[in-house]
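Below are the chains, spelled out letter by letter.
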Amino acid sequence: MLRKFSGRLRLRAAFARIGFARNQVYAIATYINVLSAFLFVSIQYFLWKAVYENGVAGTYSFKEMLQYVLAAEMLSAFIHTGADRQIGIMVRTGSLAHVILKPVSFTEQIFFESLGVNLYRGLFVALPLLVCSVFAFGVEYHFGAFTLLRFAVLVGFAYIFIYLFELLLGLLSFFSVNTWGINSMKLAVITIFSGRVLPISAYPEKLRVAVDYLPFKLMYFAPLDYLIKGGDWAEVLVQECVWIVVMFFSVTFLQRALLKKMVIQGG
Amino acid sequence: MELIELKNLTKVYTVKDLTSMKDYFSALLGRVPEEKFFAVNDVSFSIAKGEFVGLIGRNGAGKSTLIKLLTGILTPSTGEISVFGRIPHKSRQQNNYKISAVFGQRTQLKWDISAYESFRLIEYMYGMQHDRWQFNIERFIKMLDLSAFIYKPVRTLSLGQRMRVELCAAFLYDPEIVFLDEPTIGLDIFAKEVIVDFLLEIRRTKQATVLLTTHDVSDIEQLCGRTIIMDKGKVLFDGNTAGIAEILEMGILVEFKCENKEVSLAPMPGKYQVTNLPHCLKIGGVEKAAVPQLVQAVMGQNRVLEIKVEPPDFEKVLKDFYASKIFRQA
């Protein structure tokens, strides 16, 4: 029994290693990733600098806004699993056939491989970004250890939520073989409702209330707001758990329905 | 119960029939003319352990669909199907431990990293004993000559090299059933030879059951004792590879080149296709046993310069098959 468990663990570690190695091969792409992330942070720095010279945006001070911007950019480097994109590619190229022939469920394969990919990105994109930005813009980071720990937990659960969400989108791509439409929607949803670009507390009152009912704020805003502004950590955690359960059932249901109807492209 | 059993298996697709611009607009409104397409139509056969079966058919005959049904990727519309005594699409992951597949134009290996890394993943995925994995790796590296490129990213390999590592991956975990879908497509003769030799060795030593789908009849003749021919979703022929031509009475072609312009042949018992040309006599449909007698007869009546004896052309056999839709069971 223990051997079987350790065998599974080794397999999952192997997937993660492959995800890691896959990105390791492309060193130049990594540099460019860091560079473009840094540029994006820079743009936002100057933007907000100008904005704050003429007033305040929401409840965030300039310093806090800077922290938010940098942290959001760092998170975006490693909390996306790309499950929707991977499934889309598999559907288009027909390599889905091979993935399904494995004795391991393909959702498991995707999850652990992305874990490896994101570990790589966390170390080699997010960390360098942090260092560069702190030096360039003097962003101050002085969070307590417990705060950071709880923040990490929130991010962890957010990661699971994002994985399930992207999995759902990926499964939806089976209905429309071209994933472009779904991708556009995803981009729109994340940009507007997740707090990726600016804290949701800066949104106008009515919109803020509406967005609060949606789960997407859990991707960026909720964890970040806790980190920077403090608040009820447990409440965010509970919300995340609830939405994870909702997503899990949606995904399982969709998966079962699709497995029956499946048509694989290409011969 | 045999390893693989099919009874009246059918798979139907409804395909949207978009022939004119008007149809595209109707599609937007949700009203689309649909057509039923029988990818697999009432197919029945069984395969025993250790068999090497060839599956031939034109493009769109239903071969790939059949393989997808056998591997549980698709669910049947009607009929029964069992692999390892289980229903494929219900016990897919359980069966997958003992199945592997090679699809000619796609690879199961990770694109950006070396084949060796993918092999190591296979070791964990199928719960292999490390010693067995090591043994197989070394054996296959030798048999398929992989040492030169096994550590290079798969993306950088040529088609021939990719196919060889693909085969290594397919047999690495000692699967009981292996589906080979066009494994030699696009390969040069040397690469093909390596692969055919590899498969012959597998056939000689192991109890792996192989279902080989290909357009290449020479592969089938070399590797498969049994052949199934499909067309339009139906099984046209299921029997001994060697016996196909005999059963279809294709016969041997004997050609005589003679000094005399008019080649004479006394009427002989049996039905032959005789073609008379200046200085040449072609006789088709000859049984193997009747060849010496025929040769003697012609030589007795003519001054023969050259004799050519040709076994039946498998390709031609197939062509006639599809044309006449003969249904034969060996």
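By convention here, each chain's residues receive numbers from 1 onward along its written sequence. Chain letters start at A and ligand numbers start at 1, both assigned in the order the entries are written. Two thresholds apply to this predicted model, a pLDDT of at least 70 for residue-level local features and 80 or more for giving and counting side-chain atom pairs, whereas whole-chain, interface and lining totals are computed over all residues. Water and hydrogen atoms were dropped before computing side-chain values, which therefore reflect all heavy atoms in the structure.

### Observations concerning the overall build of chain B
Turning to step 1, where the next piece is worked out: To qualify as a helix, a DSSP run of H or I must reach at least 4 residues; to qualify as a strand, a run of E must reach at least 2; elements of each kind are numbered from the N terminus. From N to C terminus, chain B includes eleven helices and 14 strands.
Turning to step 2, where the next piece is worked out: The principal-axis extent of the C-alpha atoms belonging to chain B is close to 75 × 60 × 45 Å.
Turning to step 3, where the next piece is worked out: In chain B, buried positions account for 49% of the 330 residues.
Turning to step 4, where the next piece is worked out: Long-range pairs, those at least 24 residues apart, make up 71% of the contacts in chain B between residues at least 6 apart in sequence. Working definition: with a 1.4 Å probe on protein chains only, accessible area under 20% of the residue-type maximum means buried, over 50% means exposed, and in between means partly exposed. Throughout, a contact is declared for two residues whenever any of their heavy atoms are within 4.5 Å.

### Concerning the pattern of salt bridges
Turning to step 1, where the next piece is worked out: The salt bridge definition used is simple: a Lys or Arg side-chain nitrogen within 4 Å of an Asp or Glu carboxyl oxygen. Considering all chains together, one arrives at 22 salt bridges over all chains under this definition.
Turning to step 2, where the next piece is worked out: One salt bridge connects Asp112 of chain B with Arg22 of chain A, and the closest N-O pair in it is separated by 3.5 Å. Linking Asp112 of chain B in the loop between β5 (99-103) and α4 (115-125) with Arg22 of chain A in helix α1 (residues 2-24), this pair reaches from one chain into another.
Turning to step 3, where the next piece is worked out: Judged by its relative accessible area of 22%, Arg22 of chain A falls in the partly exposed class.
Turning to step 4, where the next piece is worked out: Among the ionic pairs, Asp212 of chain A bridges to Lys217 of chain A, the shortest N-O distance being 3.9 Å.
Turning to step 5, where the next piece is worked out: Note on Asp212 of chain A: relative accessible area 47%, which makes it partly exposed.
Turning to step 6, where the next piece is worked out: Salt bridges sharing common partners tie together Arg22 and Glu113 of chain A together with Lys110 and Asp112 of chain B.

### Some words on the interface of chain B and chain A
Turning to step 1, where the next piece is worked out: Each partner contributes residues to the interface: chain B has 28 residues there, and chain A has 31 residues.
Turning to step 2, where the next piece is worked out: The tally of links from chain B across to chain A stands at three salt bridges.
Turning to step 3, where the next piece is worked out: N or O atoms closer than or at 3.5 Å make up a polar contact, with two conditions inside protein: a donor-capable atom paired with an acceptor-capable one, and, for residues adjacent in sequence, both atoms drawn from side chains. Summed over the shared surface of chain B and chain A, the number is ten residue pairs in polar contact (both at pLDDT 80 or more).
Turning to step 4, where the next piece is worked out: Residue polarity is assigned by list, with Asp, Glu, Lys and Arg as charged and Ala, Val, Leu, Ile, Met, Phe, Trp, Tyr, Cys and Pro as nonpolar; anything else, Gly included, falls into the polar class. Residue composition of the side of chain B that touches chain A, grouped by class: eleven nonpolar, eight polar and nine charged.

### Quick word on unusual backbone geometry
Residue and element names in this part refer to chain B.
Turning to step 1, where the next piece is worked out: A positive phi is found at Glu182, a non-glycine position, where the angle reads about 55°.
Turning to step 2, where the next piece is worked out: Topologically, Glu182 is positioned in the loop between β6 (177-181) and α7 (189-205).
Turning to step 3, where the next piece is worked out: In this structure, Lys232 is a non-glycine residue whose phi angle is positive, near 55°.

### Looking at the domain arrangement of chain B
Turning to step 1, where the next piece is worked out: Where each domain starts and ends comes from a domain assignment, either automatic or drawn from a database. The domains assigned to chain B are domain 1 (49-246) and domain 2 (249-327).
Turning to step 2, where the next piece is worked out: The centre of domain 1 of chain B, based on its C-alpha atoms, is set 39 Å off from the matching centre of domain 2 of chain B.

### Details of the packing of aromatic side chains
Residues and elements named next belong to chain A.
Turning to step 1, where the next piece is worked out: Paired rings are identified among Phe, Tyr and Trp, the last through its six-membered ring, by centres lying within 6.5 Å, and are further divided according to the angle between planes into stacked (under 30 degrees), edge-to-face (over 60) and tilted (the rest). Applying the stated rule across the entire model yields 24 aromatic pairs over all chains.
Turning to step 2, where the next piece is worked out: For the pair Phe20 and Tyr120, a centre-to-centre distance of 5.2 Å together with 85° between the ring planes defines the contact as edge-to-face. Taken together, the residues Phe20 in helix α1 and Tyr120 in helix α6 (residues 106-137) connect sequence positions 100 residues apart. Summarising the burial analysis for this pair, Phe20 and Tyr120 share the class buried.
Turning to step 3, where the next piece is worked out: Here the aromatic rings of Tyr60 and Tyr68 are separated by 5.6 Å at their centres, their planes lie at 90°, and the arrangement is edge-to-face. Both residues of the pair, Tyr60 and Tyr68, count as buried.

### Remarks on the side chain of Arg196 of chain A
Turning to step 1, where the next piece is worked out: By the element assignment, Arg196 of chain A lies in the loop between α8 (180-193) and α9 (205-213).
Turning to step 2, where the next piece is worked out: A distance of 3.4 Å separates a polar atom in the side chain of Arg196 of chain A from a polar atom in the side chain of Ser76 of chain A.

### Topic: the packing of helix α4 (residues 83-93) of chain A against helix α7 (residues 145-172) of chain A
All names here are of chain A.
Turning to step 1, where the next piece is worked out: Orientation is described by lines fitted to C-alpha atoms, with helices fitted over the stretch in contact, and by angles between N-to-C directions that extend from 0 to 180 degrees. Where α4 contacts α7, the two axes come as close as 7 Å, and the packing angle between them is 25°. Comparing their axes, α7 and α4 come out roughly parallel. For the crossing formed where α4 meets α7, the hand is right-handed. Contacts between α4 and α7 involve Ala83, Asp84 and Ile87 on the former and, on the latter, Tyr163, Glu166, Leu167, Leu169, Gly170 and Leu171.
Turning to step 2, where the next piece is worked out: By residue class, the composition of the contact of α4 with α7 is six nonpolar, one polar and two charged. To sort the angles, those under 35 degrees are grouped as roughly parallel, those over 145 as roughly antiparallel, those from 65 to 115 as roughly perpendicular, and the leftovers as oblique. It is the rotation of the near helix from the far one that decides the hand of a crossing: anticlockwise by less than a right angle makes it left-handed, clockwise makes it right-handed.

### As for the environment of Pro223 of chain A
All names here are of chain A.
Turning to step 1, where the next piece is worked out: Mapped onto the secondary structure, Pro223 falls in helix α10 (residues 221-229).
Turning to step 2, where the next piece is worked out: The spacing of Pro223 and Ile190 is 33 residues in sequence and 15 Å in space, taken between C-alpha atoms.
Turning to step 3, where the next piece is worked out: For Pro223, the contacting residues outside a window of four places in its chain are Phe151, Leu154, Val155, Lys217, Leu218 and Glu240.

### So, helix α10 (residues 291-301) of chain B
Residue and element names in this part refer to chain B.
Turning to step 1, where the next piece is worked out: Along α10, the positions that sit buried rather than exposed are Val291, Leu294, Val295 and Val298. All buried residues of α10 fall inside an arc of 95° around its axis, so they share one side. Across α10 from its buried face, at more than 90 degrees, point the exposed residues Pro292, Gln293, Gln296 and Gly300.
Turning to step 2, where the next piece is worked out: Residues of α10 that are buried sit in contact with β10 (252-258), β12 (280-286) and β13 (304-310). This arc is built from the directions going out from the helix axis to the C-beta atoms.

### Quick word on the nonpolar core
Turning to step 1, where the next piece is worked out: Buried residues of nine kinds, namely Ala, Val, Leu, Ile, Met, Phe, Trp, Tyr and Cys, make up a nonpolar core once their side-chain atoms join them within 4.5 Å. Formed by 157 residues in total, the largest nonpolar core has its most connected members in Leu6, Leu66, Leu70, Phe119 and Phe171 of chain B.
Turning to step 2, where the next piece is worked out: In terms of residue count, the dominant contributor to this core is α7 of chain A (twelve residues).
Turning to step 3, where the next piece is worked out: Residues within four places of Phe171 of chain B in sequence aside, it is in contact with Asn136, Phe140, Val178, Phe198, Leu199, Ile202, Lys206, Ala208 and Val210 of chain B.
Turning to step 4, where the next piece is worked out: In this structure, Val254, Val263, Ala290 and Val291 of chain B belong to the second largest nonpolar core, which totals 13 residues.

### A word on the state of the cysteines
All names here are of chain B.
Turning to step 1, where the next piece is worked out: Disulfides are defined as pairs of cysteine sulfur atoms found within 2.5 Å of each other. All chains considered together, the criterion is met by zero disulfides over all chains.
Turning to step 2, where the next piece is worked out: Free cysteine Cys280: the closest other cysteine sulfur is in Cys258, separated by 7.7 Å.
Turning to step 3, where the next piece is worked out: Cys280 sits in the buried class, given a relative accessible area of 8%.

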